[in-house]
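What the coordinates show
Here is what each chain is made of, one letter per residue.
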Amino acid sequence: MAVKGCIRLAAGASIFILAMAFSIGGVPKAHASCGSAACFMLTGEEGAVQGKGKLSVGLQYAYTISKVASGTSGLVTSVDQEARQLVMNEHFENRTIAEIITLDVNYGLTNNFTLEVLVPHKRLEHTHTVELGSDNGGAGDYEKFSNAGLGDIRLNGKYSYLPTLRSLVVLGFGVDLPTGDSHATSNVDPTRLQEPTLQLGRRSFGIVPSIYQSYEIIPHVLDQFASVSYQHAFTGPNSYRFGDVYVVSGGLNWKALDRVTLTGQFNWRYAVHDEFTGSLARAAEPGDPTFGLGLGPVPIDPEVKRRPVPTTGSTMLAASPGVSVAVRENMRAYFFAQIPVVRDFNGGLIPDVGFLFGLSMSMN
């Protein structure tokens, strides 16, 4: 029996690896690109709907490092919230390390409707050079910034129904609450707020509708799953609005052993440019009479109006292999690696391979 189990595991792993390799090789070139500060793949919890009065608790840890893409300058547009101004080429980005621990609690209000609460704790480390063209003779000031604490909590309702005995469809609708701190200040100038994208929270409410679907191709052995979600953030009190995010994912689960399941999936994520209400300027450059004198940026358009932040927004396609292990009858552990296939971040930092560890337990 042990030999048969090993053969089954090896066969499953071979099919899994071949399928992933074939899929990656067949991806066409894209003009947009990848990314997010944290992993965005399906772990199986998206379709977890509890029976009435039943509870499940999960814990996830996600790690992602983002760096400057080769062939790009690393210069991005800064957001001066106090002066209500976008300043082009005022920041030189270096690196961001994002670590997110998320508590995931599901409680069945009925046999078909589950209330989910997602509570994230974020830790960000970011290095960049700011005040280019102004401070330090125009070379700017190097800043190492870190931030940690509670992020924005999400309340999510999940309704499930079974079109057939082998199919599952889960309709979700989430609400993001502005619980994360958004008042961290710059180390270079403590009187100024740090960039909105480096804050723990978005300082605004948001909505996240979603659809999750699965089908058992071979009952209890091989199943297919897919998901589509949309995230919309409303404009916050600082006149900054994060761009809408669309995520499409799909893949296969292969039960290689009684306790081991191998997963292969692809994830596509598209984020629209963020928006800010302010005037437009650029960092002073060599040859400008104000370069290096600490007099601030050069005005381009003094009118305060709604503008896209040009170095935000992204498109990303990633392959995410993973493994899930049934530790006990009511507990499972899982691990995923998210491997970028196509990345385009409009000149901003791009994520490297991301990792996600998780533990989920039913309290039945």
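1. Considering the nonpolar core
- Among the nonpolar cores identified, the biggest contains eight residues, and these are V79, L86, A233, Y240, F242, F276, L280 and V309.
- Formed by six residues, the second largest nonpolar core is a distinct cluster that contains V245, V247, A271 and A318.

2. Considering the environment of G157
- Mapped onto the elements, G157 comes out in strand β6 (residues 154-161).
- For G157, a relative accessible area of 13% corresponds to the buried category.
- Remark: the alpha-carbon pair of G157 and G174, spanning 17 residues in sequence, is separated by 6.2 Å.
- Sequence-distant contacts of G157, that is, excluding residues within four places in its chain, are made with F113, T114, L171, G172 and F173.

3. Focus on the pattern of salt bridges
- Counting across every chain of the model gives 13 salt bridges.
- One salt bridge connects E275 with R306, and the closest N-O pair in it is separated by 3.3 Å. Placement of E275 in strand β13 (residues 275-282) and of R306 in strand β14 (residues 298-308) is noted, with a sequence separation of 31 residues between them.
- On the basis of relative accessible area, E275 is assigned to the partly exposed category, the value being 27%.
- Here R306 falls in the partly exposed class, since its relative accessible area comes to 33%.
- D288 is paired through a salt bridge with R282; the nearest N and O atoms lie 2.9 Å apart.
- Several salt bridges converge on common partners, so that one network encompasses R241, D244, E275 and R306.

4. Focus: a nonpolar patch on the surface
- On the surface, Y107, L109, F113, L115, L155, Y159, Y161, L171 and I211 cluster together into a nonpolar patch covering about 770 Å² of accessible area.
- Elements that contribute at least two residues to the nonpolar patch include exactly β4 (113-130) and β6.
- At three residues, the largest contribution of residues to the nonpolar patch is made by β6.
- Of note, Y161 is situated in strand β6.
- We classify Y161 as partly exposed; its relative accessible area is 40%.

5. A closer look at the pairing of strand β15 (residues 314-319)
- The element β15 is extensively covered by neighbouring structure, given that six of its six residues are classed as buried.
- Alternating residues of β15 divide into S314, M316 and A318 and T315, L317 and A319, and every residue in both groups is buried.
- Alignment of strand β12 (residues 260-271) against β15, held across six bridges, turns out to be antiparallel. Bridged to W268 within β15 is L317.
- Taken together, the five bridges between β15 and strand β17 (residues 331-344) define a ladder with antiparallel strand orientation. Note on β17: the bridge partner recorded for T315 is D344.

6. Quick word on the confidence of the model for the protein
- The pLDDT averaged across the protein works out to 88; a share of 89% of its residues lies at or above 70.
- Note that pLDDT drops below 50 for residues 1-37; the model gives that stretch 68 contacts with residues more than four away or on any other chain.

7. Some thoughts on the environment of G58
- Positionally, G58 belongs in strand β1 (residues 55-67).
- Aside from chain neighbours lying at most four places away, what touches G58 is T102, L103, D104, L359 and S360.

8. Some thoughts on the packing of aromatic side chains
- Using the criterion set out here, one finds nine aromatic pairs in the structure.
- Put simply, the rings of Y61, F335, F355 and F357 touch in pairs and so form one group of aromatic residues.

9. Details of the environment of R95
- With respect to the helices and strands, the residue R95 is situated in strand β3 (residues 85-108).
- Excluding residues within four positions of it along the chain, R95 makes contact with I65, S66, K67, E125, H126, T127 and L349.

10. Observations regarding the pairing of strand β11 (residues 245-255)
- Here 10 bridges tie strand β9 (residues 222-233) to β11, and the two strands are oriented antiparallel to one another. Residue pairing for β11: A226 is matched across the bridge by G250.
- Relative to β12, β11 runs antiparallel, the two being bridged by 11 bridges. The residue bridging W254 from the neighbouring strand is L262, located in β12.
- The turn linking β11 back onto β12 is made up of four residues.

11. Some details on the side chain of Q60
- With respect to the secondary-structure elements, Q60 resides in strand β1.
- Looking at Q60, the relative accessible area reads 18%, which means it is buried.
- Polar contacts involving the side chain of Q60 include one to the side chain of Y334, which spans 3.0 Å.
- In contact with Q60, other than residues within four places in its own chain, are T43, I100, I101, T102, Y334, L356, F357 and G358.

About the cut-offs
Residues numbered from 1 in each chain as written. Predicted model: local features only at pLDDT ≥ 70, side-chain atom pairs only at ≥ 80, totals over all residues. Heavy atoms only, no water. Core = buried A, V, L, I, M, F, W, Y, C linked by side-chain atoms within 4.5 Å. Buried < 20%, exposed > 50% of the residue type's maximum accessible area, 1.4 Å probe, protein only. Helix = DSSP H or I, 4+ residues; strand = E, 2+ residues; numbered from the N terminus. Contact = heavy atoms within 4.5 Å. Salt bridge = Lys/Arg side-chain N within 4 Å of Asp/Glu carboxyl O. Patch = residues over 30% accessible without salt bridge, like charges linked within 9 Å, V, L, I, M, F, W, Y side chains within 5 Å. Areas by Shrake-Rupley, 256 points an atom, 1.4 Å probe, with all protein chains shown as cover. Pairing = 2+ DSSP bridges. pLDDT = per-residue confidence, 0-100. Phe/Tyr/Trp six-rings, centres within 6.5 Å; stacked < 30°, edge-to-face > 60°. Polar contact = N/O pair within 3.5 Å; in protein donor to acceptor, adjacent residues only side chain to side chain.

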